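Spelled out from the first residue to the last, the chains are:
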Amino acid sequence: MSTGPGADSAPVHKPTLKTRGRGETFSSLRIRNYRLFFTGAIVSNTGTWMARITQDWLVLSLTGSAAAVGITTALQFLPMLLFGLYGGVIADRYPKRLLLLFSQAALGICGLALAVLTLSGHIQVWHVYLIAFLLGMVTVVDNPARQAYVAEMVGPEQLRNAVSLNSANFQSARLVGPAVAGVLIAGVGSGWAFLLNGLSFLAPLVSLLLMRTSELHKVERAPRGKGQLREGLRYVAGRPDLIWPIVLVGFIGTFGFNFPIWLTAFSGDVFHVGAGTYGFLNTLMAAGSLVGALAAARRGSTRLRMLVLAAGVFGVLEIAAALSPTFWLFALLLVPIGMIGLTVNITANSAVTMATDPAMRGRVMSLYMMVFAGGTPIGAPLLGWVTDTYGARVGFATGGVISLAAAVVVGLVLAKIGGLKVAMAWRHGHPQVRFVARERLATAA
């Protein structure tokens, strides 16, 4: 049941969202329905990561162009940019479990279609473009339905922990998927990786069918009616604690998360390594991401201050990686990049999810995903062109500079909204930057 916009929300005038959890990393796995969901997801996520790595390498092999990899990524996220908000309306209006059964089946079919084309030897780059676009169309509904369904499975007390474990699940699969994909590409060809991905979606379908609907936390569904999309936009526009985290992750998602472009370019053009090493680089980033996700699952609070700080550090690390003179320094920097990047994503996701009225959650999370992932059709081709024209180092550094600038600007805006000012001090021989209340500064003066 909807409890109103204030029940799960941070006060509008404070740029901090603080929630107390049990502090146990895996506490939400005690819930049977979520345990089933988690188990099915880790299988399909592993297949998804295999397919992502294989898809990027296949496009690079067919075209020899980092820009083509960017186009593929852009096509997969273009539907989210165009139709993402409508997906949220659908998620708020219809049973989410039913929506997920259809969407997970459709994702599996897309994977099998790509496998058939590749194994038969008829694959062309336009086939990959088309299937990438179709995958994007399915995720328009799948993403907000899945995000909102987590709340129905675990309830408000375990929601923050479950959001973090979802990311840990995804990153755990990222540890395995790229490594397996690299072996399959080198050993038997790309088609078998696509085939395993298509079959992996049987796991979430079975898990959804085994769930006990009587144990779900019921949420009032939005009735059919006009103006629901505008209602969702007005809701977010009136909430600074929602809109500014969404703006920040929008910039980072558009310009800072283009790793398929940069890692393929660094692998092929800078360090001249093969598909196996490309998979290894993705695995290193996944290891850092997993650490970040598990750390987030243990935290008992979600603060927007942490989001801004993590976003700034993420930008600095990307710039450092872009300038790395050796392969091993570049590879090692991918671990903290993965960890801090996941911290940004989880902190923003948790803040927005928990501050949103349950009846509006599908629409708000669709806006979040539209901004975070929907910016990729803009950022991926642009940074793919920069990478092709000026080199992989300039492309990667550009993403880092934009991410850092966005963190600084949004941090200053949130500080102003919360009546805070930046204060610098030396503690234990090191400079420290903090946001403090203007009243405290005046008293200290």
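First, a word on what this report is: a plain description of the structure on this page.

About the thresholds
Residues numbered from 1 in each chain as written. Predicted model: local features only at pLDDT ≥ 70, side-chain atom pairs only at ≥ 80, totals over all residues. Heavy atoms only, no water. Patch = residues over 30% accessible without salt bridge, like charges linked within 9 Å, V, L, I, M, F, W, Y side chains within 5 Å. Areas by Shrake-Rupley, 256 points an atom, 1.4 Å probe, with all protein chains shown as cover. Salt bridge = Lys/Arg side-chain N within 4 Å of Asp/Glu carboxyl O. Helix = DSSP H or I, 4+ residues; strand = E, 2+ residues; numbered from the N terminus. Buried < 20%, exposed > 50% of the residue type's maximum accessible area, 1.4 Å probe, protein only. Axes fitted to C-alpha atoms, helices over the stretch in contact; angles between N-to-C directions. Parallel < 35°, antiparallel > 145°, perpendicular 65-115°, else oblique. Left-handed = near helix turned anticlockwise from the far one by under 90°. Contact = heavy atoms within 4.5 Å. Nonpolar A, V, L, I, M, F, W, Y, C, P; charged D, E, K, R; others polar.

1. Points about a nonpolar patch on the surface
The grouping of Leu81, Leu82, Phe83, Tyr86, Met137 and Ile378 at the surface amounts to a nonpolar patch, some 550 Å² of accessible area in total. Counting residues per element, the nonpolar patch draws most heavily on helix α2 (residues 66-93), at 4 residues. Mapping leucine 82 onto the fold places it in helix α2. With relative accessibility at 46%, the residue leucine 82 sits in the partly exposed group.

2. What to know about the packing of helix α9 (residues 240-256) against helix α12 (residues 304-322)
For the pair α9 and α12, interaxial distance at closest approach is 11 Å and the crossing angle is 15 degrees. Overall, the two elements α9 and α12 adopt an arrangement that is roughly parallel. For the pair α9 and α12, the crossing hand works out as left-handed. Residue-level inspection shows Asp241, Pro245, Leu248, Ile252 and Gly256 of α9 in contact with α12, the latter providing Leu304, Leu307, Val308, Ala311, Phe314 and Glu318. In terms of residue class, the contact of α9 with α12 is built from 8 nonpolar, 1 polar and 2 charged.

3. Side note on the packing of helix α3 (residues 96-119) against helix α6 (residues 190-200)
The geometry of α3 relative to α6 is characterised by a closest axis approach of 7 Å and an angle of 160 degrees between their N-to-C directions. Viewed along their axes, α3 and α6 adopt a mutual orientation that is roughly antiparallel. Considering only the axes of α3 and α6, their crossing is left-handed. Together, Gly108, Gly111, Leu112, Leu114, Ala115, Thr118 and Leu119 of α3 and Ser190, Gly191, Trp192, Phe194, Leu195, Asn197, Gly198 and Leu199 of α6 make up the contact between the two elements. When its residues are assigned to classes, the contact of α3 with α6 shows 8 nonpolar, 7 polar and no charged.

Nothing here speaks to function; it is geometry throughout.
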